[in-house]
Amino acid sequence: VGTMNQWEENSITNPNVSHERSTRDSKVNRRGRKLMEIMDAYGMILLNGRTQSDTPADYTYLSETGKSVIDLVFVDDNTINNINDMTIMDPLHTSNHMLAGIDVVCHWGEEDGTKSTTSKGITPISQTVFNRPSMTSQDFAQQMAMSNRIYFFNDNTEAVSKNIEHALKETAQILNLTKSFSPHSRKRDNNCTWYDATCRNLKKEWKQTLRKFKSERTQQFVQIYLMTKRRYFSLLKQKKQAFNDRRKKKGLGVFVFNNSTLEIVEEYTYLGITFSSSGVFKKACESFIEKSSRAIARVKSTLIKVKSECFTVQRYGR
């Protein structure tokens, strides 16, 4: 979308968000124009390239095919007033897309007289989720009916929606249906023994190359970053494969026949049929297709040589 979605000077009153946009990716294509036409029609504001930490708009996609600002964050004219900052963070190790962290002002509890708080940092500290209900639906409905949050003496649909939302949250907390956890504090399972110091060191090196690229912004560091990332992914794949192979062999045990140890293999061909350890005959089907294709090609060449005008297939029974 390039530098599209520019706004007038006094149209955005939030001092933390600029009315002008700047970006590192100046390319504009047909789909980008179509997207901006739709968003402009609904009055949506593109947040990339407007905040202090993301001016100009940083790349959100980085791979061997190139780099671009493809992950976009849109907000409406009401939400824009709650934005403090936005920054592009490091990607998850399974994706080429960067994470967009948004610092917003939270207004939870303002109707109770408590102060609104600002999120500390870019990443959320904790997240509240609902557990599976351990009681009947009648108990939950009865508790909801007793909640003083539910009232409809307001013409504003947004206020009614907030009342119901608070009622659901409070009822779930009273009945111990909620739990909080930190989404960024999850560590790998203790049984994941294949993830050793070599993996951790290479991941650290990969993150360092990403930070160097963000500071230098040169093509040289892009190639170093992508090369380090490929090495990290390749190492993870090798470690996991070796771990699974060891566990598989350990679980299968050793088979002995006539004082000879039988070799455990992934596949074996018997009477022209390929058997796999998974029990799926995909490789056998592929082998049959390949053999039949070669046979058909030979028959076709023979028919062409004898100048046959027709070919009739007959089935002979014994």
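Conventions and cut-offs
- Residues numbered from 1 in each chain as written.
- Predicted model: local features only at pLDDT ≥ 70, side-chain atom pairs only at ≥ 80, totals over all residues.
- Heavy atoms only, no water.
- Helix = DSSP H or I, 4+ residues; strand = E, 2+ residues; numbered from the N terminus.
- Buried < 20%, exposed > 50% of the residue type's maximum accessible area, 1.4 Å probe, protein only.
- Contact = heavy atoms within 4.5 Å.
- Areas by Shrake-Rupley, 256 points an atom, 1.4 Å probe, with all protein chains shown as cover.
- Salt bridge = Lys/Arg side-chain N within 4 Å of Asp/Glu carboxyl O.
- Core = buried A, V, L, I, M, F, W, Y, C linked by side-chain atoms within 4.5 Å.
- Domains from an automatic or database assignment.
- 1 Å grid on protein atoms, 1.4 Å probe; cavity = no way out; pocket = protein on both sides within 12 Å on 5 of 7 lines; lining within 4 Å.
- Points joined across faces, edges and corners; volume = space filled by probe spheres on them.
- Expected span 1.5 Å × (residues − 1).
- Phe/Tyr/Trp six-rings, centres within 6.5 Å; stacked < 30°, edge-to-face > 60°.
- Lys NZ or Arg CZ within 6 Å of the ring centre and 35° of its normal.
- Lys, Arg positive; Asp, Glu negative; His and termini not counted.
- Polar contact = N/O pair within 3.5 Å; in protein donor to acceptor, adjacent residues only side chain to side chain.
- Pairing = 2+ DSSP bridges.

Per an unreviewed UniProt entry, the chain carries the name Endonuclease/exonuclease/phosphatase domain-containing protein and comes from Photinus pyralis.

Trainee: What should I look at first to understand the overall build of the chain in this one?
Mentor: For the chain, the count of helices and strands is 6 helices and 13 strands. Counting across all 318 residues of the chain, residues that qualify as buried make up 25%. A separation threshold of at least 6 residues defines the contact pool for the chain, and within that pool the share at least 24 residues apart is 62%. When the accessible surface of the chain is summed, it comes to about 23,400 Å², and 52% of that surface belongs to carbon and sulfur atoms.

Trainee: Just checking my understanding: could you explain the pattern of salt bridges for this structure?
Mentor: Where charged atoms of side chains with opposite charge meet at close range, the side chains can pair. Applying the stated criterion across every chain, the model contains 5 salt bridges. Between Arg 231 and Glu 205 there is a salt bridge, and its shortest N-O distance comes to 3.5 Å. Note that Arg 231 is positioned in helix 5 (residues 219-252) and Glu 205 in helix 4 (residues 197-216), a separation of 26 residues in sequence. When its relative accessible area of 39% is taken as the criterion, Arg 231 is described as partly exposed. Here Glu 205 falls in the partly exposed class, since its relative accessible area comes to 31%.

Trainee: Mind showing me how you'd approach unusual backbone geometry here?
Mentor: Peptide bonds are mostly trans, and most non-glycine residues show a negative phi. Note the cis peptide between Thr 55 and Pro 56, where omega equals -5°. Note that Pro 56 resides in the loop between strand 1 (45-46) and strand 2 (61-63). Notably, Asn 5 is not glycine yet its phi reads approximately 70°, a positive angle. With respect to the helices and strands, Asn 5 occurs in the segment before helix 1 (30-41).

Trainee: I'm lost on the nonpolar core in this one. Help?
Mentor: Among soluble globular proteins, nonpolar side chains are generally buried collectively. If you look at the biggest cluster of nonpolar residues, it comprises 30 residues, and the most contacted ones within it are Leu 47, Leu 62, Ile 80, Phe 213 and Tyr 225. Breaking this core down by element, the ones donating at least two residues are strand 5 (83-89), helix 4 and helix 5. In terms of residue count, helix 5 provides more of this core than any other element does, 8 residues in total. Lining this core are residues from two domains, each supplying at least three of them: domain 1 (30-104) and domain 3 (197-249).

Trainee: Any chance you could explain empty space enclosed by the protein here in plain terms?
Mentor: To find the voids left in a structure, one rolls a probe of water-molecule size over its atoms. Taken as a whole and judged by the stated rule, the model has 1 cavity of 30 Å³ or more. Taken as a whole, the largest cavity spans an internal volume of roughly 30 Å³.

Trainee: Just to check I follow, could you spell out helix 4 for this structure?
Mentor: Structural remark: α-helix, 3.6 residues per turn; residues separated by three or four positions point the same way. The first and last C-alpha atoms of helix 4 sit 28 Å apart over 20 residues, in line with the 28 Å expected at 1.5 Å per residue. At the exit of helix 4 stands Arg 217, carrying a positive phi of roughly 60°.

Trainee: Help me understand the packing of aromatic side chains in this model?
Mentor: In this description, an aromatic ring pair is defined by two values, namely the gap between the centres and the angle between the planes. Under the definition given, this model contains 6 aromatic pairs. Plain terms: the ring middles of Trp 194 and Tyr 195 are 5.8 Å apart, the flat faces sit at 80° to each other, and that makes the pair edge-to-face. Each member of the pair Trp 194 and Tyr 195 is classed as buried. A centroid spacing of 5.7 Å and a plane angle of 70° characterise the contact between Phe 275 and Phe 281, whose relative ring orientation is edge-to-face. Residue Phe 275 is classed as partly exposed on the basis of its relative accessible area, which comes to 36%. Residue classification places Phe 281 among the partly exposed residues on the basis of a relative accessible area of 42%. One aromatic cluster in this structure is built from Trp 206, Tyr 225, Tyr 232 and Phe 233. Here Lys 207 stacks its cationic end above the ring of Trp 206, 4.6 Å away from the centre of that ring.

Trainee: Looking at this model, I keep getting lost on the side chain of Thr 228. Mind explaining?
Mentor: Tracing the chain through its elements places Thr 228 in helix 5. Here Thr 228 falls in the buried class, since its relative accessible area comes to 1%. Discounting chain neighbours no more than four positions away, the residues touching Thr 228 are Leu 202, Glu 205, Trp 206 and Thr 209.

Trainee: I tried to follow the side chain of Asp 85 on my own but got confused; where do I start?
Mentor: Looking at the element boundaries, Asp 85 is found in strand 5. The buried charged residue Asp 85 lacks any salt bridge partner; its closest oppositely charged side chain belongs to Arg 50, at an N-O distance of 12 Å. A polar atom in the side chain of Asp 85 sits 2.5 Å from the side chain of Ser 53. Ignoring any residue separated from it by four or fewer positions in sequence, one finds Asp 85 in contact with Thr 51, Gln 52, Ser 53, Gly 101, Ile 102 and Asp 103.

Trainee: Got a minute to help me understand the pairing of strand 12 (residues 267-270) in this structure?
Mentor: Along a regular strand, successive side chains alternate from one face of the sheet to the other. Taken together, the 4 bridges between strand 12 and strand 13 (residues 273-276) define a ladder with antiparallel strand orientation. The residue of strand 13 that forms the bridge with Tyr 270 is Ile 273. Taking the residues between adjacent antiparallel strands as the criterion, strand 12 and strand 13 are bridged by 2 residues, where Leu 271 takes a positive phi near 55°.

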